[in-house]
Amino acid sequence: MKLTDLNLADQRVLVRVDFNVPLDKNLQVSDMTRIEKALPTLNYILEQGGRLILLSHLGRPQKKKLENGELDVKKFTLQNIIPSLSKALDKEVSFADNIFGTKATSQSLALKNGEILLIENTRFHEQESKGDLEFASRLAALGDVYVNDAFGTAHRAHASTTTVAKFFPAHRKAAGLLLEKEIESAKSLTDSPKRPFVAIVGGAKVSDKIQLLYRLIEKVNKIIIGGGMAYTFIKAAGGKIGNSLCEDDYLDLANEIVQKAKEANVDLYLPLDSRCSKEFKDIEPVIYSSNDIPDDMMGLDVGPKSEEQFSKVLEGSKSILWNGPLGVFEFSNYSKGTFSMADAIAKATSNGAFSLIGGGDSVSAVNKSGLSQKVSHISTGGGAMLELLEGKVLPGIQALDIS
Ligand code: AMP
C-alpha cells in the first residue's frame, strides 16, 4: 500500500529509516542529509496522529569491535544522534537501549500519539544482517504498522529491512515517501523512458559497472563512458593509455560491451582527450588524445574536446542517468570534466529531460558543483539504485508487497 493510504492514527508505526549518518570526533552528526531526507515521512506520520518507533543501523559495529572483542557501544550507539534528530523534528525523542526483553515493547506501548521512540542500533545484534526470523519477530512486536523508508539498505535482506515485513499484512505496511520517490524515479528510466535516453557511466572500475552497462545497452540510445574505467575500453580498442587506470582482465569484456552496443544500435562515446598527470596528485594537467597518452602519464579527467562532445550528446536528450564521476573530481585540477557534465545535465533538465543521479560519488560531485537543485532526482542509495536499474528485485521492496 501507499503510506498515504494507511490508517496511521493511534497506531504504533515502526519505521525503518536510514540514520547511518557520519559523526565527527565528538560523536556529533556532521552531515544531516539522511536525517533531513527522512523528515517528510516522519512528519507525515506524526501529523496523521501516529506514534513513531524508529529503527536504523549506524556504521558496522560487528566489524569494528573493541580490542577486548566487545561492541564499541559509545561510538555506535544511536543515542549519539538524538540531539540532532530531536532538533530536526522539533520534538523530544525517547530511546530504547535494548530491543531484547520486554522493555522496548513496553516503551512502545506506552507511547502517545505524536511521540517518538528511537530503538538502539539494529546492527548491535548479529541477527540483523542474517535476516533472522526470531529477531525480526521481536522488532515486529514494537509496531502495529511497518514503514520502510531506508532506500540505501533496501537491497539487503536484513531483519529490520526485509524479514520484519513478513509479520505485517499488506494493508499494514508501506514504503515511506522517500523510498516511494526512489522507486518512481527508477521506474521513469526502466519502464518506457522518454527518448533519447542517455546514460553517463564513470568512476574507477569497469568491473563494478558491468551488470549496469549490459542492462543499459538494452535500454538506452547513447552511453557516455568516462572516468578511470574509460581507459580499459580505450586500451582494448588498441589505444595507448600510458599509466592510466586499467583492468587488464577486463579488456575482452570491454570489447564485448562495445560489440553488444553496436548490435543494439546504441551509440557509445569514449573521451576523445584527457587531462593527464605524471603522478596521482592535484597538479597542473597536460592534455593528450585519450588513445595517445605517453608512457609516463596517466589520464585523470576527460579533456575539453570530450566535454564539448559529451555536452552535445546531452543536448536534446529526454532521459538521463548519471553514475560515476568522469575524473578524479576530488582534485580541483581534474574536476572540470565532471562539473561540465553536471552543467550539461542541468541544462538538459531545464529543457524538459528527466535526470537521475545515482551512486555515491556522482551524488557528491553534483552537490559540489552546486547544481543539485537543477536535476530531477538525486538518489540516496548507491548500491540499491544500481541494483534497481539493473532490473533486480530488491528484497526490502519486495517484502512490502507493493510492486
Ligand atoms: P566509483 O566509486 O567506481 O564511481 O569511482 C569513483 C572514483 O573514481 C572517484 O573517487 C574518482 O576519483 C575515481 N576516478 C575517476 N576517474 C578516474 C581516473 N581517470 N583515474 C583514477 N581514478 C578515477
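The preceding data block contains the structure.
Keep in mind that this is a model prediction, so the values were computed, not measured.

Reading the values: rules and limits
Counting of residues starts from 1 at the beginning of each chain's written sequence and follows it residue by residue. Two thresholds apply to this predicted model, a pLDDT of at least 70 for residue-level local features and 80 or more for giving and counting side-chain atom pairs, whereas whole-chain, interface and lining totals are computed over all residues. Derived side-chain values reflect all non-hydrogen atoms in the structure, with water molecules and hydrogen atoms excluded from consideration. The nearness test applies per residue and asks whether one of its heavy atoms lies within 4 Å of the molecule or strand. The definition of a polar contact used here is a pair of N or O atoms within 3.5 Å, where within protein one atom must be able to donate a hydrogen and the other to accept one, and adjacent residues in sequence count solely through side-chain atom pairs. Accessible areas in this description were obtained via Shrake-Rupley with a 1.4 Å probe; residue shielding takes into account the shown protein chains only. Counting from the N terminus, the helices are DSSP H or I runs at least four residues long and the strands are E runs at least two residues long. By definition in these notes, contact holds between two residues if any of their heavy atoms fall within 4.5 Å. Salt bridge, as used here, is a side-chain nitrogen of Lys or Arg placed within 4 Å of a carboxyl oxygen of Asp or Glu. We call a residue buried when its accessible area falls under 20% of the maximum for its residue type, exposed when it is over 50%, and partly exposed in between, using a 1.4 Å probe and counting protein chains only.

> Outline the site of the ligand, listing residues and values.
Near the ligand there are 15 residues, and of these Ala204, Gly228, Gly299, Glu330 and Asp361 occur at the shortest range. Lys209 places a polar side-chain atom, nitrogen or oxygen, 3.2 Å from an oxygen atom of the ligand. At 2.5 Å from an oxygen atom of the ligand is found a side-chain nitrogen or oxygen belonging to Glu330. For the ligand, the accessible surface in isolation is 510 Å², of which the surrounding protein chains cover 81%.

> Break down the side chain of Thr338 for me, with residues and values.
When you line up the elements, Thr338 lands in helix H12 (residues 336-350). Looking at Thr338, its side chain comes within polar contact range of the main-chain nitrogen of Gly327, at 3.3 Å. Apart from residues no more than four positions distant in its own chain, Thr338 is found in contact with Asp301, Trp322, Pro325, Leu326, Gly327, Phe329 and Ala365.

> Lay out the pattern of salt bridges in plain terms, naming residues and giving numbers.
The full count for this structure, using the stated rule, is 19 salt bridges. Across the salt bridge formed by Lys130 and Glu126, the nearest N and O atoms sit 4.0 Å from each other. Taken together, the positions of Lys130 and Glu126, both in helix H5 (residues 126-130) and 4 residues apart, correspond to about one turn of that helix. Residue classification places Lys130 among the exposed residues on the basis of a relative accessible area of 63%. As a salt-bridge pair, Glu308 and Lys312 come within 3.8 Å of each other at their nearest N and O atoms. Linking Glu308 with Lys312, this pair stays in helix H11 (residues 304-314), spanning 4 residues, or about one helical turn.

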